[in-house]
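Commentary on secondary and tertiary structure
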4 protein chains.
Amino acid sequence: MIKVGIIGATGYAGGELVRILANHKAAEIIWYGSKSYIDKKYSEVYRNMFRIVEGVCRDDDLNELAGQVDVIFTATPQGFLAGLLNEEILSKVKLVDLSADYRIKNAGVYERWYGIEHKSPQFIDEAVYGLCEINRGKITERTRLVANPGCYTTCSILTAYPMVKEGLIDVDTLIVDAKSGTSGAGRGAKVQNLFCEVNENMKAYGVATHRHTPEIEEQLGYAAGREVTINFTPHLVPMNRGILVTEYASLKRKQDGSLPSYEEIKAVYDKYYGSERFVRVLERGECPETKWVEGSNYVDINFVPDERTGRIIMMGALDNLVKGAAGQAVQNMNLLFGLPEDEGLELVPCFP
Amino acid sequence: MIKVGIIGATGYAGGELVRILANHKAAEIIWYGSKSYIDKKYSEVYRNMFRIVEGVCRDDDLNELAGQVDVIFTATPQGFLAGLLNEEILSKVKLVDLSADYRIKNAGVYERWYGIEHKSPQFIDEAVYGLCEINRGKITERTRLVANPGCYTTCSILTAYPMVKEGLIDVDTLIVDAKSGTSGAGRGAKVQNLFCEVNENMKAYGVATHRHTPEIEEQLGYAAGREVTINFTPHLVPMNRGILVTEYASLKRKQDGSLPSYEEIKAVYDKYYGSERFVRVLERGECPETKWVEGSNYVDINFVPDERTGRIIMMGALDNLVKGAAGQAVQNMNLLFGLPEDEGLELVPCFP
Amino acid sequence: MIKVGIIGATGYAGGELVRILANHKAAEIIWYGSKSYIDKKYSEVYRNMFRIVEGVCRDDDLNELAGQVDVIFTATPQGFLAGLLNEEILSKVKLVDLSADYRIKNAGVYERWYGIEHKSPQFIDEAVYGLCEINRGKITERTRLVANPGCYTTCSILTAYPMVKEGLIDVDTLIVDAKSGTSGAGRGAKVQNLFCEVNENMKAYGVATHRHTPEIEEQLGYAAGREVTINFTPHLVPMNRGILVTEYASLKRKQDGSLPSYEEIKAVYDKYYGSERFVRVLERGECPETKWVEGSNYVDINFVPDERTGRIIMMGALDNLVKGAAGQAVQNMNLLFGLPEDEGLELVPCFP
Amino acid sequence: MIKVGIIGATGYAGGELVRILANHKAAEIIWYGSKSYIDKKYSEVYRNMFRIVEGVCRDDDLNELAGQVDVIFTATPQGFLAGLLNEEILSKVKLVDLSADYRIKNAGVYERWYGIEHKSPQFIDEAVYGLCEINRGKITERTRLVANPGCYTTCSILTAYPMVKEGLIDVDTLIVDAKSGTSGAGRGAKVQNLFCEVNENMKAYGVATHRHTPEIEEQLGYAAGREVTINFTPHLVPMNRGILVTEYASLKRKQDGSLPSYEEIKAVYDKYYGSERFVRVLERGECPETKWVEGSNYVDINFVPDERTGRIIMMGALDNLVKGAAGQAVQNMNLLFGLPEDEGLELVPCFP
């Protein structure tokens, strides 16, 4: 039995880790870290867990925790893990960090977009970017530190990846218009996230400045083999869960001047995702809906090539708390410990 | 492996049966009955099931089906099963009926409230009312026909049952004010259930005439040992899932004229539900919230005795598609086949 | 032109006052009091008011304000006005208080339910309870202090008033089950009011202890001519605006033992509300829906007598921010200044 | 008093016309056309109008109606008006058509995108495209036929118009990602628009094929002085009202190679909208929110130039039933009859 500790167990992503691990056959949580609720029963914070979770919230002492568990999930604010991580901790325990601290290889880029100093850049190189479908090979039993990707990022990258990797689109034209449910904003008590402010409302935010931008650019840059600069615009939508991305890019014309056909593009998507457990490329004509993946670890993807404009419209949908956070974190844990990749993740989407 | 057939597999309750059974270790669906979508892939009707369910929708031929499966779930309109059931079918297969056809022992009462003739009253006596927590003993491997309780009914009865059974309240004063999410209204294309008609809106309906009334009255009547007449008022709430009932009744005073204390009442609830897998009597002061049970088979219950008025306010919450329909149906199936009662029902409530 | 000052202009009720008064022909706001946003443009707090309201938020100095305006609306926490009010202020300006400070005639009852000391009980007697349809005669140009009723209270009282006043029900059996949209919870940044906590969720709260209870009891007591004790249970519903109450009471039988008929009861409702501008008694069989009154000052009411149980089920719906707060406050202002009662209140309900 | 007839008065756009005209001082509705509800009281179809509208629904006889009113609003399916319009009708009455029949000057384009034959192309030339802020000069008292713009179209065009007109962007790079509340889908009883299908869900639809595309292209083509081809992607969002568009285009560099500054772009927007009653260009850094315009005739617009990518992100928000349909139709009526443009449209946005 893998012993699990969670730091930040009472945020929404932490709560989702608890939900998923409750049915995981090979792992058990023994530390519910939550600075805000120390000594309170976990099920008093999340009443849905009454009689399911018996644990009590504990402090977020990373050093102590490292000696007691096999893996630590940090679902904490940016800078938290970077400020505490050291070689001793890493020598004792595996870490799956749900924050952005080790996602970006260039500490300067991190510091510019996040506006904070990176306190332990020496571990960035070692960290593996935990987008399982792309980096599966690197997430092995020898890996000590996984940087779990962001919610917007996971969806944005996976939706465009095959097209970028195969060079079918002009990456300089890539635009990502993303829409997210409100759980992505976290459980902090802010006026802007009150029910009455979000409900029956919609807006863009962080236009041209959102922190997931460089993360998407870096990963798509690896796929493209060169630097990529994109527009990424997130929007807040009045629903609890779900991210939908709509991506636009100019298709490269073939030598005969024609655009790649639907079938040719489909073959490219199938090449990358045809045997993936958690990526579903939909049937022709279907647009992904967030409800179809709710509560599950799936990403649903589809695309429409547009002869009129020469562009492709790519769409992706996932549950921001599952494949966009806790689900992918568990998927990474499974890889780290050599378990079946979908252990604990056989979650069937819940409709309606 | 138990072979399962579903008639009405593309309604919301049918869809939930499919979701739950997808992770059931001892049962597999081999017939997805849906008159409206014959020959269409099930996953084209419910896209969330893409690559999870491979089956194709088939006609609702009960006779043919009876020869192929071990148990049939009928998630069909009132009158459907009553119009088709016969001894031959019952001799071949077990039936769990999610409609009201066999819930009410008095066919006249059924006909009056439902406004249709009962076509096979000869099977009413045999049918067992499948409220597992109360009738568990009767739902055995010899039972052939289970009348799965209604969603409002399950919640309303379980919330008041211990008080009625132990004679702590004056049942003639019982009032049930119930609120339901919109999935209870079904998947039929009606103007009144359009998003824009339901969203940001709330109303009572079926006031003094709702069909779940006699079902509640009959079952509480058994508990009380005499006829019970209540007021039951359902309301439509702008959310997908969840039923909340708020029940009012006058407490009987003890011989010394005092009201029963919180502790005395709590002991009564614990007597009935203390070891129940799916009923959670909350801690003092907590009011049940539908979100705490969403997606799971739990019923959350609590109560407040009010010294000022001498009444008790009892509250219960469940997911109308799970414990209020498909979950309880699977719970009944588990009992019918001697499986662990929670097989396939280890569903953790999903929050947020 | 009536000069208006608002204390608490940036809460939801204050914001609604601003919305309504923007189209009021005889009144203009000259003071937007908001301690939290002093010196900030009002339209920066409520962006919907961009280019409609030019004012800047100011401190909540009641003394200074009293010298500058004709009427002050206080949309402030309980205890605020009671702590500041004095004879000098009252001699200069009319006050419409949207808090509970002067609603309850018995200061002891106020202190018990609200848990705070009443700092100026000497003004309680003078205050007129501003439920216009019932106390219209008392709200005259000589009145200085109006206690604007609570949102739940307005709806609960008006729905039952004719029945209580005419003695058609046994008031000891009266139960009020109330459901409210979330704007009633105010604009404070609390976790429990976050979108993800409220959305897709429903719960009762303040069971047997909610502060609107004694206010309802007092007013219905005047109607009944004796003390009234009721159960009042509020519920939180995932929508922005709207209160729906469902009330239950035993009908008194007539001398011949029969229950009053629908027509007899309807005549009683028409007697009280037939010529009321803002109370609509619906047609037989219609249940009030909150959406039908959204954004308007209407209260929609209807009832169903139930022969089976001898009870009547009464239902009422209003917009908690309009008739339940700011609309009724403006209605009171109109009465105080001898204006047409519906000036500024010709708001047509917005659907969908 | 202008006599008004509405054909299609019981759809959502028709209902909004009724709501707005209820407070219009110079117009009165004398014909509520609704084929589906002939002889039914209008307030029985829309209960919010109880005691506000006394009219009865009537047939949609355009010829008869033309003799009785001064202006007809047709809120009808595509093809309806084109199939009935003739010179006699036009000689008697002014027409504001909320359908697409006369919006597109090229009948072939209309037929291709809408898939129906245009039955009266002879009137297309005469029709004025009623986007008031752009075509105000053409909507005069001599105009007989106004083609009221689509909801997505109004928002999409107004958001980009100054940039296109002044040649500041490369129109070939323009991408419009649009999000709409569900009232835009109409009041038809379709499964896909049921509450449970839309709520907690989001999707794109009509990708690369939506009918508002050629309308946007035509109007922006006039502004650009040449043909324009764009990508337009609509999305369905779980809220009743509101459209938000996010538009992307490459900024043209100035002769010195630099991008136009925020101030330069702002000056362009102010040039076109600075004195517009219903267009609000927001302050720097503010992103439009649909809630800030709900229930009103405003369009809120803002933009962010992005140095990194050389693009501009433009955003616009409106209420699809008001500025996107009925409000603009009334604005057009006001222009047609020489009334103040905002008569009846002094609607203050409702928040929350």
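Since the model is a prediction, treat every value here as computed from it, not as a measurement.

Okay, the overall build of chain A next. If you tally the helices and strands in chain A, you get 12 helices and 14 strands. For chain A, whose C-alpha radius of gyration is 20 Å, the value lies close to the compact-globule estimate of 20 Å for 352 residues. If one aligns the C-alpha atoms of chain A with their principal axes, the spans along those axes are about 65 × 45 × 40 Å. Burial status across chain A gives 67% buried among its 352 residues. Within chain A, residue pairs in contact and separated by at least 24 positions form 70% of the contacts whose partners lie at least 6 positions apart. For chain A, the accessible surface area stands at approximately 11,100 Å², while carbon and sulfur atoms represent 46% of it. Computed over 39 positive and 48 negative side-chain charges, the inter-centroid distance for chain A is 1 Å.

Moving on to the relation of the copies chain D and chain A. Overlaying chain D with chain A gives an RMSD of 0.0 Å, the required rotation being 180° about an axis along which the chain moves by 0.0 Å. The two molecules are tied by a two-fold rotation axis, judged by turn and shift. The position closest to the rotation axis in chain D is occupied by the C-alpha of D:Pro238, lying 3.3 Å away. Most of the interface of chain D is mirrored in chain A, where 100% of its interface residues are also at the interface.

One key point about sheets: their strands pair by backbone hydrogen bonds, in either a parallel or an antiparallel sense. Residue and element names in this part refer to chain B. The seven strands lie next to each other as S9-S10-S8-S11-S14-S13-S12, forming an open sheet whose pairing is mixed. Strands with a single pairing partner mark the edges of an open sheet, and in this sheet they are strand S9 (203-204) and strand S12 (279-281). By the bridge criterion, six bridges tie strand S8 (residues 169-180) to strand S10 (residues 231-236) in an arrangement that is parallel. Following the sheet pairing, Ala178 is matched in S10 by Pro234.

Residues and elements named next belong to chain C. Between helix H1 (residues 12-21) and helix H12 (residues 322-336), whose axes approach to 9 Å, the crossing angle comes to 50°. With respect to H12, the axis of H1 lies oblique. Helix-helix and strand crossings are classified by hand; for H1 and H12 the assignment is right-handed. Where H1 abuts H12, its residues Ala13, Glu16, Leu17, Arg19, Ile20 and Leu21 lie against Val322, Ala325, Ala326, Gly327, Ala329, Val330 and Met333. Per-class residue counts for the contact of H1 with H12 are 10 nonpolar, one polar and two charged.

Residue and element names in this part refer to chain C. Strand order across the open sheet formed by seven strands is S3-S2-S1-S4-S5-S7-S6, with parallel pairing between neighbours. Bordering the open sheet on either side are strand S3 (57-58) and strand S6 (128-129), each of which pairs with just one other strand. Strand direction decides the pairing type here: S6 and strand S7 (residues 145-147), joined by two bridges, are parallel. Looking across to S7, one finds that Val128 is bridged to Val146.

Our focus in this paragraph is the interface of chain B and chain A. Contact with chain B, which involves 38 residues of that partner, is made by 38 residues of chain A. Of the roughly 3,400 Å² buried between chain B and chain A, counting both surfaces, carbon and sulfur atoms make up 53%. The interface formed by chain B and chain A includes four salt bridges. Summed over the shared surface of chain B and chain A, the number is 18 residue pairs in polar contact (both at pLDDT 80 or more).

What follows covers empty space enclosed by the protein. Tallied over the entire structure, the rule returns nine cavities of 30 Å³ or more. Taken as a whole, the largest cavity encloses approximately 70 Å³ of empty space. If you go around the largest cavity, you meet 14 residues; those closest to its centre are A:Asn199, B:Asn199, C:Asn199, D:Asn199 and D:Pro238. For the lining of the largest cavity, a count of residues per class yields seven nonpolar, four polar and three charged.

Burial within helix H1 (residues 12-21) of chain A is extensive, with nine of its 10 residues counted as buried. Of all the positions in H1(A), only A:Tyr12, A:Gly14, A:Gly15, A:Glu16, A:Leu17, A:Val18, A:Arg19, A:Ile20 and A:Leu21 are classed as buried. As for H1(A), its buried residues are in contact with strand S1 (2-7), strand S2 (27-33), helix H2 (42-45), strand S4 (71-74) and helix H12 (322-336) of chain A together with helix H9 (195-198) of chain C.

With that settled, the discussion passes to the interface of chain D and chain A. Facing 49 residues of chain D, the contacting portion of chain A comprises 49 residues. Its largest share of buried area at the contact with chain A, chain D owes to D:Glu200, D:Met202 and D:Arg308, together 17% of the area lost on that side. Across the chain D-chain A interface, the total number found is six salt bridges. We note a salt bridge from A:Arg308 to D:Glu217, for which the minimum N-O separation is 2.5 Å. Between the two partners, chain D and chain A, sit 30 residue pairs in polar contact (both at pLDDT 80 or more). It is strand S8 (residues 169-180) of chain D that provides the largest number of residues to the side of chain D that touches chain A, a total of seven residues. A per-class count over the side of chain D that touches chain A returns 23 nonpolar, 12 polar and 14 charged.

One pass over the full model with this rule turns up 108 salt bridges over all chains. Measuring nitrogen to oxygen at the nearest pair gives 3.1 Å for the salt bridge that ties B:Glu263 to B:Arg284. In this pair, B:Glu263 is assigned in helix H11 (residues 262-273) and B:Arg284 in the loop between S12 and strand S13 (299-306), connecting sequence segments 21 residues apart. For B:Arg284, a relative accessible area of 54% gives the class exposed. A salt bridge links C:Arg19 to C:Glu16; the shortest N-O distance between them is 2.7 Å. Remark: C:Glu16 and C:Arg19 occur in helix H1; sequence separation between them is three residues, near one turn of the helix. Owing to a relative accessible area of 10%, C:Arg19 belongs among the buried residues under this scheme. Bridged by salt links that share partners, the residues A:Glu16, A:Arg19, A:Arg241 and A:Asp319 form one connected network.

Right, let's get into the pairing of S8(B). On any regular strand, side chains alternate: one points to one face of the sheet, the next to the other face. All names here are of chain B. Within S8, nine of the 12 residues are buried, which leaves it mostly tucked inside the rest of the structure. Both S8 and strand S11 (residues 243-251) contribute to a ladder of eight bridges, which runs antiparallel. Each bridged residue has a counterpart across the sheet, and for Lys179 the counterpart in S11 is Leu244.

Analysis parameters
- Residues numbered from 1 in each chain as written.
- Chains lettered and ligands numbered in written order.
- Predicted model: local features only at pLDDT ≥ 70, side-chain atom pairs only at ≥ 80, totals over all residues.
- Heavy atoms only, no water.
- Helix = DSSP H or I, 4+ residues; strand = E, 2+ residues; numbered from the N terminus.
- Rg over C-alpha atoms; globule rule 2.2 N^0.38 Å.
- Buried < 20%, exposed > 50% of the residue type's maximum accessible area, 1.4 Å probe, protein only.
- Contact = heavy atoms within 4.5 Å.
- Areas by Shrake-Rupley, 256 points an atom, 1.4 Å probe, with all protein chains shown as cover.
- Lys, Arg positive; Asp, Glu negative; His and termini not counted.
- Charge placed at Lys NZ, Arg CZ, Asp CG, Glu CD.
- Least-squares fit on C-alpha atoms with pLDDT ≥ 70 in both.
- Pairing = 2+ DSSP bridges.
- Axes fitted to C-alpha atoms, helices over the stretch in contact; angles between N-to-C directions.
- Parallel < 35°, antiparallel > 145°, perpendicular 65-115°, else oblique.
- Left-handed = near helix turned anticlockwise from the far one by under 90°.
- Nonpolar A, V, L, I, M, F, W, Y, C, P; charged D, E, K, R; others polar.
- Buried area = accessible area lost by both parts, 1.4 Å probe.
- Salt bridge = Lys/Arg side-chain N within 4 Å of Asp/Glu carboxyl O.
- Polar contact = N/O pair within 3.5 Å; in protein donor to acceptor, adjacent residues only side chain to side chain.
- 1 Å grid on protein atoms, 1.4 Å probe; cavity = no way out; pocket = protein on both sides within 12 Å on 5 of 7 lines; lining within 4 Å.
- Points joined across faces, edges and corners; volume = space filled by probe spheres on them.

That is the geometry; function is a separate question.
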